[in-house]
Amino acid sequence: SIAPATRLKYGACWRRWLSYCKTHRQVALPASVDSVVRFLASVAADGSRTNVMDASAAIAWFHNVAGFETPTKSPKAVALLAGARRVLAAPARRMEPATLNIVQRVASTAALSAELAHQRLVFYVVLAYFGFFRFSDLRQLRLKHFEFSKRSRYLRRSFRHWHRGIFSPSRR
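Residues numbered from 1 in each chain as written. Predicted model: local features only at pLDDT ≥ 70, side-chain atom pairs only at ≥ 80, totals over all residues. Heavy atoms only, no water.

This part takes up the packing of helix α2 (residues 33-45) against helix α3 (residues 49-66). Geometrically, a packed helix pair is captured by the angle between its two axes and the distance between the axes. Where α2 meets α3, the axes come as close as 8 Å, and the angle between the chain directions of the two elements is 155 degrees. Taken together, the axes of α2 and α3 are roughly antiparallel relative to one another. As α2 packs across α3, the resulting crossing turns out to be right-handed. Packed against α2, whose contacting residues are Val-36, Phe-39, Leu-40, Val-43 and Ala-44, the element α3 presents Asn-51, Val-52, Ala-55, Ser-56 and Ile-59 at the interface. A per-class count over the contact of α2 with α3 returns eight nonpolar, two polar and no charged. (Axes fitted to C-alpha atoms, helices over the stretch in contact; angles between N-to-C directions. Helix = DSSP H or I, 4+ residues; strand = E, 2+ residues; numbered from the N terminus. Parallel < 35°, antiparallel > 145°, perpendicular 65-115°, else oblique. Left-handed = near helix turned anticlockwise from the far one by under 90°. Contact = heavy atoms within 4.5 Å. Nonpolar A, V, L, I, M, F, W, Y, C, P; charged D, E, K, R; others polar.)

Below, the discussion takes up the nonpolar core. One finds Trp-17, Val-36, Phe-39, Leu-40, Val-52 and Ile-59 to be the most contacted residues of the largest nonpolar core, which totals 20 residues. Elements supplying a minimum of two residues to this core: α1 (4-23), α2, α3 and α4 (75-87). If one sorts the elements of this core by residue count, α2 sits on top with six residues. What Leu-40 contacts, discounting residues up to four positions off in sequence, is Val-52, Ala-55, Ser-56, Leu-80 and Leu-81. (Core = buried A, V, L, I, M, F, W, Y, C linked by side-chain atoms within 4.5 Å. Buried < 20%, exposed > 50% of the residue type's maximum accessible area, 1.4 Å probe, protein only.)

Looking now at α1. For α1, with 20 residues, the first-to-last C-alpha span of 29 Å sits near the 28 Å given by 1.5 Å per residue. Buried within α1 we find Tyr-10, Gly-11, Cys-13, Trp-14, Trp-17, Tyr-20 and Cys-21. Each element contacted by the buried residues of α1 is listed here: α2 and α3. Positive phi appears at Arg-25, one or two residues downstream of α1, with a value of about 55 degrees. (Expected span 1.5 Å × (residues − 1).)

Let's shift gears to the packing of α1 against α2. Between α1 and α2, whose axes approach to 11 Å, the crossing angle comes to 115 degrees. One way to sum up the angle between α1 and α2 is to call them roughly perpendicular. You can see that α1 and α2 cross each other, and the crossing is right-handed. For the pair α1 and α2, contact is made by Arg-16, Trp-17 and Tyr-20 and by Ser-35, Val-36, Arg-38, Phe-39, Ser-42 and Val-43, respectively. Classifying every residue of the contact of α1 with α2 gives five nonpolar, two polar and two charged.

Its place among the elements puts Ser-35 in helix α2. Assessed through its relative accessible area of 0%, Ser-35 is described here as buried. Not counting residues up to four positions away in its chain, the partners in contact with Ser-35 are Trp-17, Tyr-20 and Gln-26.

Following the criterion strictly, the structure yields three salt bridges and no others. The residue Arg-16 makes a salt bridge to Asp-46 at a minimum N-O spacing of 2.3 Å. On the criterion of sequence distance, the pair formed by Arg-16 in helix α1 and Asp-46 in the loop between α2 and α3 is long-range, its members being 30 residues apart. Of the residues examined, Arg-16 reaches a relative accessible area of 33% and is grouped as partly exposed. Note that Asp-34 and Lys-76 form a salt bridge whose closest N and O atoms lie 2.6 Å from each other. (Salt bridge = Lys/Arg side-chain N within 4 Å of Asp/Glu carboxyl O.)

Attention now goes to the confidence of the model for the protein chain. Summarising the model, the protein chain shows a mean pLDDT of 80, and 80% of its residues fall at 70 or more. When mean pLDDT is compared element by element in the protein chain, α1 scores highest at 95, while strand β3 (residues 163-164) scores lowest at 44. (pLDDT = per-residue confidence, 0-100.)

For α3, built from 18 residues, the straight-helix expectation of 26 Å at 1.5 Å per residue is met to within 8% by its first-to-last C-alpha distance of 26 Å. All of the buried residues in α3 are Val-52, Met-53, Asp-54, Ala-55, Ser-56, Ala-58, Ile-59, Ala-60 and His-63. With its phi angle positive at about 85 degrees, Gly-67 sits one or two positions after the end of α3.

Structure representation (structure tokens):
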């Protein structure tokens, strides 16, 4: 059984498939691999990755319910879907790199707060900036990774690599 929203989506995709089959004089069920690949290519040409994946899933679902082997599992269809995923994927959203000015603004704004969450954010931002860490690195940090002494502070080698003095007040 599938969710009502999925049923509606598959229904819309299936009607589009039926219309395509009628226009191109193809058999909708059971469908040939070539006709499904041509249909999915035409859907991909519209520029929506989601529509291609939904159309493929709908055709597969209707074939399975009717007891037929799905043409969307064929190597041709799988290759077309992989290409559509790649070509129609949303572009990566590049984030602006943190500059010292941005770090200083975040630190000065949050430093005035007495809330621990704000203080922790300042710590993470400063640590990430001066230690050249990504936030994914910071999530893995544990107290055992730090070594404190009177002369300097270290991040132990067991965590990626040495980061000497990143907590030192002399480093700005």
